[in-house]
Amino acid sequence: MGATLKFGLGVNANEALQGIVKKSRAAEAVGLDYIWVADSPVQLYAPVIASEVASATHRIRIGLGLMSVLLHAPRQVAGAITTLFEAYGDRFDICIGMGDRRQLERVGVKGVNTEKLPLNVLEARDKIVSHLQQARIRTKIWLGAQAPKMLRIARGFDGVLLNYSNPEMIAWAITEAGLGRKSKTPQVKIGTYSPSYVYMKPESRMLERVKVSSAVVALGASSKLLRRLGLWGRLRRAKRRAETAATMESILPEVPDEVVEYFSVTMKAADLPSYLATLKNLGVGHIVFAYPQNYSLKTVRELGKALQFAS
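Describing the pairing of strand β3 (residues 61-68)
Along β3, 6 of the 8 residues are buried, which leaves the element largely enclosed by surrounding structure. Pairing analysis gives 4 bridges linking strand β2 (residues 34-37) to β3, with the strands arranged parallel. When the sheet's bridge partners are listed, W36 is paired in β3 with G63. Where β3 and strand β4 (residues 92-97) come together, 5 bridges link them in parallel fashion. Opposite L64, over in β4, you have I94 as the bridge partner. Read as a crossover between parallel neighbours, the route from β3 over helix α3 (residues 74-88) to β4 is right-handed.

Next up, the structure:
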């Protein structure tokens, strides 16, 4: 299983560089294939973090993103990748898309025309490719997607990172993207990027963190998707409170437990092999374990042990 599936650790760019570097080294030491450096309007610039990670590691590939096309011009994205390639070689991927709606609104990006957004993302992808071709660089460009309209442009990318963890929803998303077993575009890689907590022995504070992280993803999801999951009515109150809440922890009483099931990988290490086998059977080949799995060196190493057990 380990020879086919690729595993990544998502790292948050809002913590000290020293901590990110240590965890990246640990991820490489336990055999992970990727570090994915998140990019958001309220965090450090992802290419800077990627440079620090690359200088401190040797083998592991580094993904940048999701980088929002509403914040980063194609020339800017291509320029960052070109600089990284020149400094550290062919070790970098990119993921682009819309980005988290709530975080975008916090920096003044509002009133986005979602009808035209898929076309805008495709155009950004083409411009990035054009700029990279001029620099004689070829790298994988992933689409970060969740909503149906965005999923339907996935065939124009090297891969798609789905913001799901539940196998039923992953299967639905793959169908929406036209990337099933009978797809005419099998070269498009399918991955997942989810809040995660794979553990030997659960810690209550970590379980709370994974619920918070799952709630952030759920609250950023479209109303159509939440209705499909039966969560819209139950999350409306949480959405309203989130607009003025000082912390996400304060709205947890309004967040149904099902968000953890749909939007995170939270399980005992012993249950991981079965889960990975299910995703592999669906055609998933790339699995990124995001916050709070990256919370500490301990949680990174626990993930490594679990994956060794699963292989």
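Section: the side chain of S264
Mapped onto the secondary structure, S264 falls in the loop between α11 (258-263) and β8 (265-268). In this structure the side chain of S264 is engaged in a polar contact, spanning 2.6 Å, whose partner is the backbone oxygen of V260. Only 2.8 Å separates the side chain of S264 from the side chain of T266, close enough to count as a polar contact. Look past the residues within four positions of S264 in its chain and what remains in contact with it is S165, S194, P195, V210, S214 and V259.

Concerning the packing of helix α2 (residues 46-56) against α3
The packing of two helices is summarised by the inter-axis angle and the distance between the axes. The contact between α2 and α3 brings their axes to 11 Å, and the two run at 10°. The angle between the axes of α2 and α3 places the two elements in the roughly parallel class. Classified by chirality, the crossing of α3 by α2 is right-handed. On the side of α2, the interface is formed by P47, A50, S51, A54 and S55, while α3 contributes A80, L84 and Y88. Its residues placed into classes, the contact of α2 with α3 shows 6 nonpolar, 2 polar and no charged.

Some remarks on the pairing of strand β6 (residues 159-162)
What you see with β6 is no split at all: G159 and L161 on one side and V160 and L162 on the other are buried throughout. Bridge count between strand β5 (residues 141-145) and β6: 4 bridges; the pairing is parallel. Considered in β6, the bridge of L143 is made with V160. By the bridge criterion, 4 bridges tie β6 to strand β7 (residues 189-199) in an arrangement that is parallel. In the sheet register, L161 faces β7, and the bridge partner there is G191.

Parameters at a glance
Residues numbered from 1 in each chain as written. Predicted model: local features only at pLDDT ≥ 70, side-chain atom pairs only at ≥ 80, totals over all residues. Heavy atoms only, no water. Buried < 20%, exposed > 50% of the residue type's maximum accessible area, 1.4 Å probe, protein only. Helix = DSSP H or I, 4+ residues; strand = E, 2+ residues; numbered from the N terminus. Pairing = 2+ DSSP bridges. Right-handed = clockwise from strand over helix to strand, strands pointing away. Polar contact = N/O pair within 3.5 Å; in protein donor to acceptor, adjacent residues only side chain to side chain. Contact = heavy atoms within 4.5 Å. Axes fitted to C-alpha atoms, helices over the stretch in contact; angles between N-to-C directions. Parallel < 35°, antiparallel > 145°, perpendicular 65-115°, else oblique. Left-handed = near helix turned anticlockwise from the far one by under 90°. Nonpolar A, V, L, I, M, F, W, Y, C, P; charged D, E, K, R; others polar.

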